[in-house]
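# Examining the three-dimensional arrangement
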Amino acid sequence: MDENWEEDSLLVFNRVDSDQVIYQREPKGVKMIGRYVVGEVLGEGSYGKVKEALDQETLTRRAIKILKRNKLKRIPNGEANVQREIKLLSSLKHPNVISLIEVMKNDVKDKLYMVLEFCLSSLQSLLDSVPDKKLPLSQAHYYFCQLIDGLEYLHSRRIVHKDLKPGNLLLTMDGTLKISDFGVAEVVGLFDPEDSCQDGQGTPAFQPPEIANGVNNFSGFKVDIWGSGVSLFNMCTGQYPFEGDNVYRLYEAIGRGTFTMPSNLDQPLADLLSGLLCADPNKRFNLNQVRHHQWIVRKLSRCEPWVECPGDQVHSMSVLPYLHDLHYGPDPEQQDFYTQRQINEAKQLAEENRDKELRNNNTKTSCISSKKFSSCIQS
Amino acid sequence: MPLFGKSQKSPAEVVKSLKEAVTALERGDKKAEKAQEDVSKNLVLIKNMLYGTSDTEPQTDIVVAQLAQELYNSNLLLMLIQNLARIDFEGKKDVAQVFNNILRRQIGTRSPTVEYICTKPEILFTLMRGYEHQDIALNCGTMLRECARYEALAKIMLYSDDFYNFFNYVEVSTFDIASDAFSTFKELLTRHKILGAEFLEANYDKVFGHYQRLLNSENYVTRRQSLKLLGELLLDRHNFSVMTRYISNPDNLKLMMNMLREKSRNIQFEAFHVFKVFVANPNKPKPILDILLRNQDKLVEFLTRFHTDRSEDEQFNDEKAYLIRQIQELRAVPDH
C-alpha cells in the first residue's frame, strides 16, 4: 500500500451536512427468551441485567436476571455464588421469599437466565425516592414483620442469608416483601448442633461486630438478626447506626458496637432496636424474642400517608410495545433509515399534535395498565 | 338515623335477643323454627355491625368494643358454637365470620378476645369436637385455624387431651373433613416454631406413638400427607432434637425402608426425604448402622434404580448419589 496516499487521505475532511446523516431506526423488535416476551431493563448489576418479561402462556409478569458468563468470571466466587443461589432458591417456597420460576441456559451466547417473581422495586429504591430517606413507622412495621416471617422460614430451613439490607428486600405490587439475593447465603449442616459460620461476605454497613472484629466462628442466625436490625434502623430513621469514611473506619465503629439511639424514637422501638443491634451475639435477640416484642405485637395506627413505589404511577408494563411488535409486526409505514432532517420534521409534527391535543383537553393514556400500587393495605 | 322503620338496635339489644333465640333453639320446643329465624336475623345484624354492608360502613370502634364486651359477658360465643348444628346454613357461616372478626380485634398490644378465650378454653374444645359432626366440621375448621394463629390459643389446644383426637379426625372417610382437619393439625404443629418444638420434645413418645398409626393408615391420602409432614417436621431446624431422637430408633428406619418400596411413587419419594436423614447422620447408633449394613448391597442396588426418570431434578440426583456413596462406604464398627 502506498504510504503517501494514506497520509494524504488523513488530511482530507469530507463535509457532510447533519441532515444528510442517515440514522438507523432503533430496533424495537420483539425479543423472546424461551416463552417470555422481554421488556425494558429493570436494574443492572455487575453480573448483567434484570429485565421485565411476560410469560406468554400464563400472562404473568416476571423478572429475568440475565447472567453473562464472562462477567461472572470477573467477580470473585461469581459462578459458585450463582450456582448456590439457584440451588437454594429452587428449594424454597414462602410468601416472603422471592421464588425462582425457572432457569434457562443459552450455551451459544454463554448466558444464564433466572426467571423470578416480578417485583416493583427494592426497599432501598423506595427509601431513596423520598427526601428524608425514611418511611412512616406503620409502613416500616408492616415490612419488618414480613421480613421476620420470611427470616423465620429461612432459618427453619437452616439458611443464613448473611446479606440482609433494604437493597435485597423487594416489594411486589400488592406490598408483599420478598427476601432476595442469596448469593452469599450459607446453609447450616443438618447435623451441626451450632449454627456457626466462618466468613462474612455481605455488605459492610450491615455486618455485625463479630464479623467486623474478624471473629473466626460466629452464630449465623444472629448475623441475620443484626442485618434486619440495621435495616429497621434505616427504615425508621433514614440513617445508619454505624458510619465511617471507609470500610476500615466503618468496621472500627461497628467493632466498638456502640451507637446513638435517635432521641425521637418511642420507647418500644428503641428497645427493639437495641435488642437487635446488641453487640454481644449471645445477648442479641433471637427471632422468638423479636416476634413477641411489644413493638411487633402492637397495631400501629396509620396516620401518615405511606410512601409509594417510585416510577410511573400505574406501574405499566414495559413489555407492551414488544408485544405489539410480536403480534402485529413492524409498522410498514415506518422507514428503517432516516436523516436528521426527517427526525426534526417528525419532532415538529409531534409537538404540533401535542399542542392540539392539549387544547382539546384530550390526554390519552395507555389503555392497558397494571394495578396501582395500593397504599391502603390493611396492616 | 333511618327516616322510616326502627332505628338501629344497640349492641346490647342485639346480643340479648340473639341469646334468647339461641336459648329457645337449644330447648328445641315447638317454636324452634321461629327461633332459628331469629338467630339468623340477629346474626346478620351483628355481622353487618362488624363488616358493614354494600351501603353501610362497619360500626365505629366504640360500638364494636361494646359488642365484644356484650359477647364476652353473655357467654354467647360458646353458646353459638355449642348450638351450631341447629343453626341454618347461612347462619353457620355468619357465626364463623363474626367469631373470626371478634377474635382478630386488637387494642394496642392486646388481643382482648384471645385473652377471653384463654379464660374459657371450653370454646376451643367445643370447636375441636366440631370435627365429629359432618354438618359443622368445616365451619369449626375455619374458626379453629383462626384461633391457631394465636400462640396462646394454639398452646391450649396442643397441650389438651383433645389434641389426640386429631389423629382420628384426619382419617375420617369424608375427604374434605379429613383434609380440613389435617390442615388444622399441621397449623398447630408448625405455625409457632418454638411452641411446636417444645411440645414435640415434651410429648415425644405419645405424639409419635399416635403418628405411627397415620403412617400405617389404610387411607392413601392420610399416609401420604402424614409422611410429607413428618419430613417437614424433622427437617425443620427448630425440631433438631426431635429429629436426632427420631433417627436413632431402628423401627422408624424399618418403616421408612418399607415405604420406599410402596406402590405409590409419591409415597416412595416422600419416604426418600425422611430416609436420607437416617443415612446422612454422622453419628449413627449401632442398631441403625446394623440394619443399613445388613441391607448394604440391596440398598445400593435399589437406590441406583430409584426414580431414574427424575433427571431434571438436580438436587434429588445429588442427594441420591450422596446416599449411595454413603451406604457403599459403610463399615461395621469393630466391637471393643
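Residues numbered from 1 in each chain as written. Chains lettered and ligands numbered in written order. Predicted model: local features only at pLDDT ≥ 70, side-chain atom pairs only at ≥ 80, totals over all residues. Heavy atoms only, no water.

## Focus on the overall build of chain B
Keep this limit in mind: A run of H or I in DSSP counts as a helix once it spans at least four residues, and a run of E counts as a strand once it spans at least two, with each numbered from the N terminus. Here the globule rule reads 2.2 Å times residues to the power 0.38, and the radius of gyration is calculated from C-alpha atoms. Partly exposed residues are those whose accessible area sits between 20% and 50% of the maximum for their type, while under 20% is buried and over 50% is exposed, using a 1.4 Å probe and protein chains only. The contact criterion used is simple: two residues touch if any of their non-hydrogen atoms lie within 4.5 Å. We count Lys and Arg on the positive side and Asp and Glu on the negative side, and we leave His and both chain ends out. All charge positions are set by atom: Lys at NZ, Arg at CZ, Asp at CG, Glu at CD.
Summing up its helical and strand segments, chain B has 20 helices and 0 strands in all. Compactness check: chain B gives a C-alpha radius of gyration of 26 Å against a globular reference of 20 Å for 336 residues, more than 25% above the reference. Its C-alpha atoms give chain B principal-axis dimensions of roughly 90 × 40 × 35 Å. The buried share of chain B, taken over its 336 residues, is 49%. For chain B, restricting intrachain contacts to residue pairs at least 6 apart in sequence, the fraction spanning at least 24 positions comes to 70%. Distance from the positive charge centre (45 side chains) to the negative charge centre (46 side chains) of chain B: 2 Å.

## Some words on the UniProt feature "domain: Protein kinase" (unreviewed entry) in chain A
Stated formally: UniProt positions are given in the numbering used here, feature names are shortened, and annotations may be inferred rather than shown by experiment.
Cross-referencing UniProt, the feature "domain: Protein kinase" (unreviewed entry) maps to residues 36–296 of chain A in the present numbering. Annotated as residues 36–296 of chain A, this span is 36% helix and 21% strand, and its ends, taken at the C-alpha atoms, are 40 Å apart.

## Considerations on a positive patch on the surface
Residues and elements named next belong to chain A. Put simply, the rule is: Residues form patches when they are more than 30% accessible in relative terms and have no salt bridge. Like charges link within 9 Å. Nonpolar side chains (Val, Leu, Ile, Met, Phe, Trp, Tyr) link within 5 Å. What sets the accessible areas is the Shrake-Rupley method with a 1.4 Å probe; for residues, cover comes only from the shown protein chains. Each salt bridge in this description consists of a side-chain nitrogen of Lys or Arg and a carboxyl oxygen of Asp or Glu lying within 4 Å of one another.
Together, Lys-31, Lys-49, Lys-68 and Lys-109 make up a region of like positive charge exposed at the surface. The residue Lys-68 is located in strand β5 (residues 61–68) in this model. Since its relative accessible area comes to 32%, Lys-68 is described here as partly exposed.

## Looking at the pairing of strand β6 (residues 100–106) of chain A
Residue and element names in this part refer to chain A. Formally: The criterion for strand pairing is that DSSP finds at least two bridges linking the strands in question.
Inspection of the sheet shows β6 paired to strand β7 (residues 111–117) by 6 bridges, in the antiparallel sense. Bridging across to β7, Val-103 finds its partner in Met-114. Remark: 4 residues form the turn of the hairpin made by β6 and β7, two consecutive strands paired antiparallel; Asp-110 in that turn has positive phi of roughly 60°.

## Details of the side chain of Asp-163 of chain A
Residue and element names in this part refer to chain A. By the secondary structure assignment, Asp-163 is in the loop between β9 (159–160) and β10 (169–171). Here Asp-163 occupies a buried position and makes no salt bridge, while the nearest side chain of opposite charge, Lys-165, is found at 4.4 Å. Contact partners of Asp-163, with chain neighbours within four places excluded, come to Asn-168, Val-184, Gly-202 and Thr-203.

## Brief notes about the interface of chain B and chain A
The line we're drawing: Simply put, the buried area is the total loss of 1.4 Å probe accessible area from both parts when two parts are fitted together. Pairs of N or O atoms within 3.5 Å make up the polar contacts considered here, provided that, within protein, one atom can donate a hydrogen while the other can accept it, and that residues adjacent in sequence are counted only when both atoms are side-chain atoms. Only Asp, Glu, Lys and Arg are considered charged, only Ala, Val, Leu, Ile, Met, Phe, Trp, Tyr, Cys and Pro nonpolar, and every remaining residue, Gly among them, polar.
Taken together, the contact pairs 20 residues of chain B with 21 residues of chain A. For the pair chain B and chain A, the summed buried surface comes to about 1600 Å²; carbon and sulfur atoms form 60% of the total. Looking only at chain B, the three residues that lose the most surface to chain A are Gln-106, Thr-109 and Arg-237 of chain B, adding up to 36% of its buried area. At the boundary of chain B and chain A, one finds 0 salt bridges. Connecting chain B to chain A are 5 residue pairs in polar contact (both at pLDDT 80 or more). Breaking the side of chain B that touches chain A down by element, the ones donating at least two residues are α12 (193–202), α15 (240–246), α17 (265–280) and α20 (314–328) of chain B. Class assignment of the residues belonging to the side of chain B that touches chain A gives a composition of 8 nonpolar, 6 polar and 6 charged.

## A few points about the packing of aromatic side chains
Residues and elements named next belong to chain B. Rules: In this scheme Phe, Tyr and Trp rings, the latter by its six-membered ring, pair at centre separations within 6.5 Å, and the angle between planes marks the pair as stacked below 30 degrees, edge-to-face above 60, and tilted otherwise. Only Lys NZ and Arg CZ are tested; either one counts as a charge over a ring when it is within 6 Å of the ring centre and within 35 degrees of the ring normal.
All chains considered together, the criterion is met by 31 aromatic pairs over all chains. Arranged with centres 4.6 Å apart and planes meeting at 20°, the rings of Tyr-72 and Tyr-116 form a pair that is stacked. Of this pair, Tyr-72 sits in helix α3 (residues 61–74) while Tyr-116 sits in helix α6 (residues 112–119), placing them 44 residues apart in sequence. The same class applies to Tyr-72 as to Tyr-116, namely buried. Ring centres of Phe-272 and Phe-306 lie 5.7 Å apart, and the angle between their planes is 20°; on these two criteria the pair is classed as stacked. You can see Phe-272 sitting in helix α17 and its partner Phe-306 sitting in the loop between α19 (296–304) and α20, a full 34 residues away along the chain. In this arrangement the basic side chain of Arg-237 is found over the ring face of Phe-240, its NZ or CZ atom lying 5.0 Å from the centre.

## Some words on the sheet that holds β7 of chain A
Residue and element names in this part refer to chain A. As a reminder of what qualifies: Here the axes come from fitting lines to C-alpha atoms, over the contacting stretch only for helices, and the angles between their N-to-C directions go from 0 to 180 degrees.
An order of β2-β3-β4-β5-β7-β6 is seen for the 6 strands of this open sheet, with the pairing classed as antiparallel. Strands at the two margins of the open sheet, each flanked by one partner only, are β2 (32–33) and β6. When β2 meets strand β3 (residues 36–45), the two strands line up antiparallel, connected through 2 bridges. Bridge pairing in β3 places Met-32 opposite Val-37. Sheet strands in contact with helix α3 (residues 78–90) are β5, β6 and β7, and its direction is about 35° off that of β7. Relative to the sheet, helix α12 (residues 320–328) contacts β2, β3 and β4 (48–55), its axis offset from that of β3 by approximately 155°.

## Some points on the environment of Gly-275 of chain A
Residue and element names in this part refer to chain A. Mapped onto the elements, Gly-275 comes out in helix α9 (residues 267–276). In sequence terms Gly-275 and Asn-286 are 11 residues apart; their C-alpha atoms lie 8.9 Å from each other. With residues near it in sequence (within four places) discarded, Gly-275 still touches Arg-284 and Phe-285.

## Focus on the nonpolar core
Burial of nonpolar side chains together is a common tendency in soluble globular proteins. Stated formally: Each nonpolar core is a collection of buried residues, namely Ala, Val, Leu, Ile, Met, Phe, Trp, Tyr and Cys, held together in the definition by side-chain atoms within 4.5 Å.
Phe-163, Phe-185, Met-256 and Phe-275 of chain B are the most contacted members of the largest nonpolar core, which has 116 residues in total. Top element by residues in this core is α17 of chain B. It accounts for 10 residues. Dropping the residues within four chain positions of it, Phe-185 of chain B is found in contact with Phe-163, Phe-166, Phe-167, Val-170, Tyr-211, Leu-214 and Leu-229 of chain B. Listed in part, the 71 residues of the second largest apolar core include Leu-67, Leu-100, Phe-233 and Trp-295 of chain A.

## Some details on α9 of chain A
Structural remark: α-helix, 3.6 residues per turn; residues separated by three or four positions point the same way. Counting buried positions over the 10 residues of α9 of chain A gives 7, a clear majority of the element. Where α9 of chain A is buried, its residues meet α5 (137–156), α7 (220–237), α10 (287–291) and α11 (294–297) of chain A.

## Observations concerning the confidence of the model for chain B
Keep in mind that low pLDDT regions are not for reading the predicted coordinates in detail. What counts, and what does not: Confidence scores labelled pLDDT are given residue by residue by the predictor and lie between 0 and 100.
Scored by pLDDT, chain B has a mean of 92; 97% of the residues are at 70 or more. Scored as a whole, the predicted complex attains pTM 0.83, and scored at its interfaces, ipTM 0.87.

## Re the pattern of salt bridges
Residues and elements named next belong to chain A. One pass over the full model with this rule turns up 35 salt bridges over all chains. A salt bridge links Asp-55 to Arg-35, with the nearest nitrogen and oxygen atoms 2.9 Å apart. In this pair, Asp-55 is assigned in strand β4 and Arg-35 in the loop between β2 and β3, connecting sequence segments 20 residues apart. For Asp-55, a relative accessible area of 1% corresponds to the buried category. The salt bridge involving Arg-291 is made with Glu-152; its shortest N-O contact spans 2.9 Å.

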